[in-house]
Amino acid sequence: MLVPDRRPRQRTYHRAMPRLVLATTAVAAPMGAQVYEEEIARRAAGALAAHADSRWAVDRVVARSVRSPLPGNRRLPMGRLGRAGTGARRAAGRVVYPPGTLVHRMNLELPPAPHEVVTLHDVVAWRYSDESAPVRAAAEELRRAAAVVCVSEFSAVEAVELLGIDDPDVVHNGVDERFRDAAPATAAELASLGIDRPYVLHAGGAARRKNLEALAEAWPHVRSARPDVDLVLSGPAHRRRDELFAGLPGVHRVGRVPAAAVPGLVAAASAVVVPSLHEGFGLPALEAMAARVPVVAARTSSLPEVVGDGGVLVAPTGPALADGLVWALSGDREIAATVERGRARADLFTWERSAAGHAAVWLRVGR
């Protein structure tokens, strides 16, 4: 007679593969923050896989407004969410993100996730009234996050002092490989932008923190010393920029330049100027250094951290900027040495290194 085996069966439990969701927003005109998002998203899976004991699934949430024609996989009332209180935003986050995941929220407008890492590029929304107003609940959400990633030591200090964030992680940005020893734009390409002489380039916005007043004050002195050199201003159209530089000699406003053309425009410049009072990182300076172009930057905020000895750091005033630019355009032998130091320094800032730094944060808080 067969006696049934009454011993309990052993069950095999498989731990679910941890899942990382990178949360971003769709935008029509990508800027520096969107470059960061895409570069990290492109490398996230590989950076996690570099850890022998790590197997992660990586997904994206790309949010867009309710009526937006832009590509994405979530539609959200972005304006209403930005004004909503903490409770409503947390409720939205529980719906938007898959349960049981680690979310890296790369845009503060997006609702928070139950378990998340958040990127804070800078605190300009809290510092400057002409910037977009901060998301109402952002500071509290940042304090609740499992980790906050700041893109510079400067931004991390600001986050601690202004927003009360506890021990943020610093992970520097990288520089696009297209800028490393980029080929200068051809004469025909420059002519299509109305440029037909050597030029100093300023690339970026026109908010108060960009300190264009000091550059406008400096330019007549630079032009007087170097009448053969023009000033090229690239970036979104802005009335303030137009008013500041109206009537100044040798100034060309070329608007927003297609991304594919930017490395050549930078590489063809005689110098790049970054006069900002406040930068969370200062990517235009790093891009110029990678392209072997002299950089004149204000000795403020994160710029010394990024530029180091690879550029000319000056006070953020008109006279100091003028002196720095005139020297950078002089052909002095030390300028060539500074450019070489800048090129070597740019090699320290790669998106692969940045992705590895992000992966270290994800692994720490995601286990």
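These numbers were taken from a predicted model, which means no experiment stands behind them.

A. The arrangement of the packing of aromatic side chains in detail. The final tally for this structure, using the stated rule, is 2 aromatic pairs. For the pair Tyr36 and Trp351, a centre-to-centre distance of 6.4 Å together with 50 degrees between the ring planes defines the contact as tilted. Taken together, the positions of Tyr36 in helix 1 (residues 32-49) and Trp351 in helix 15 (residues 351-366) put the pair 315 residues apart, joining distant regions of the chain. Here the two residues Tyr36 and Trp351 agree in accessibility, since each one is buried.

B. Up close: helix 14 (residues 333-346). With 14 residues, helix 14 ought to run about 20 Å at 1.5 Å a step, and its terminal C-alpha atoms sit 21 Å apart, in line with that. Of all the residues in helix 14, the buried ones are Ile335, Thr338, Val339, Gly342, Arg343 and Ala346. Down the axis of helix 14, the sector holding all buried residues measures 140 degrees, keeping them to one side. Where the residues of helix 14 are buried, they touch helix 11 (283-290) and helix 13 (318-328).

C. Quick peek at the environment of Trp219. Examined against the element boundaries, Trp219 turns out to sit in helix 8 (residues 212-225). Accessibility expressed as a relative area gives 0% for Trp219, which makes it buried. Taking C-alpha positions, Trp219 is 9.3 Å from Asp230, a pair spaced 11 residues apart along the chain. Here Trp219 is in contact with Val200, Val229, Asp230, Leu231, Leu248, Pro249, Gly250 and Val251, once residues within four sequence places are set aside.

D. How the structure looks around the packing of helix 8 against helix 13. Interhelical geometry of helix 8 versus helix 13 gives an angle of 40 degrees and a closest axis separation of 8 Å. The angle between the axes of helix 8 and helix 13 places the two elements in the oblique class. Seen along the crossing, helix 8 lies across helix 13 with a hand that is right-handed. Taken together, the residues of helix 13 that come into contact with helix 8 (itself represented by Ala214, Leu215, Glu217, Ala218, His221, Val222 and Ala225) are Gly318, Pro319, Leu321, Ala322, Leu325 and Val326. When grouped by side-chain class, the residues that make up the contact of helix 8 with helix 13 number 10 nonpolar, 2 polar and 1 charged.

E. A look at the sheet that holds strand 9 (residues 230-234). If you trace the 6 strands from one edge of the open sheet to the other, you get 10-9-8-11-12-13, paired in parallel fashion. Strands with a single pairing partner mark the edges of an open sheet, and in this sheet they are strand 10 (251-255) and strand 13 (312-314). Ignoring strand direction, the axes of neighbouring strands in this sheet form an average angle of 20 degrees. Examined bridge by bridge, strand 8 (residues 199-203) and strand 11 (residues 271-274) share 2 bridges and lie parallel to one another. By the bridge assignment for strand 11, Val200 is matched with Ala271. Relative to strand 9, helix 8 is tilted by about 155 degrees, and along the sheet it contacts strand 8, strand 9, strand 10 and strand 11.

F. Quick look at the nonpolar core. Ranked by internal contacts, the top residues of the largest apolar core, which has 36 residues, are Tyr199, Leu201, Val272 and Leu286. Contributions of two or more residues to this core are made by strand 8, helix 10 (262-267), strand 11, helix 11, strand 12 (295-298) and helix 12 (303-307). Those residues in contact with Leu286 that sit more than four places away from it in its chain are Gly174, Val175, Phe281, Val306, Ala346 and Phe349. One finds Val200, Leu212, Val314 and Leu325 within the second-largest nonpolar core, a separate group that totals 27 residues.

What counts, and where the lines are drawn
Residues numbered from 1 in each chain as written. Predicted model: local features only at pLDDT ≥ 70, side-chain atom pairs only at ≥ 80, totals over all residues. Heavy atoms only, no water. Phe/Tyr/Trp six-rings, centres within 6.5 Å; stacked < 30°, edge-to-face > 60°. Helix = DSSP H or I, 4+ residues; strand = E, 2+ residues; numbered from the N terminus. Buried < 20%, exposed > 50% of the residue type's maximum accessible area, 1.4 Å probe, protein only. Expected span 1.5 Å × (residues − 1). Arc of directions from axis to C-beta. Contact = heavy atoms within 4.5 Å. Axes fitted to C-alpha atoms, helices over the stretch in contact; angles between N-to-C directions. Parallel < 35°, antiparallel > 145°, perpendicular 65-115°, else oblique. Left-handed = near helix turned anticlockwise from the far one by under 90°. Nonpolar A, V, L, I, M, F, W, Y, C, P; charged D, E, K, R; others polar. Pairing = 2+ DSSP bridges. Core = buried A, V, L, I, M, F, W, Y, C linked by side-chain atoms within 4.5 Å.

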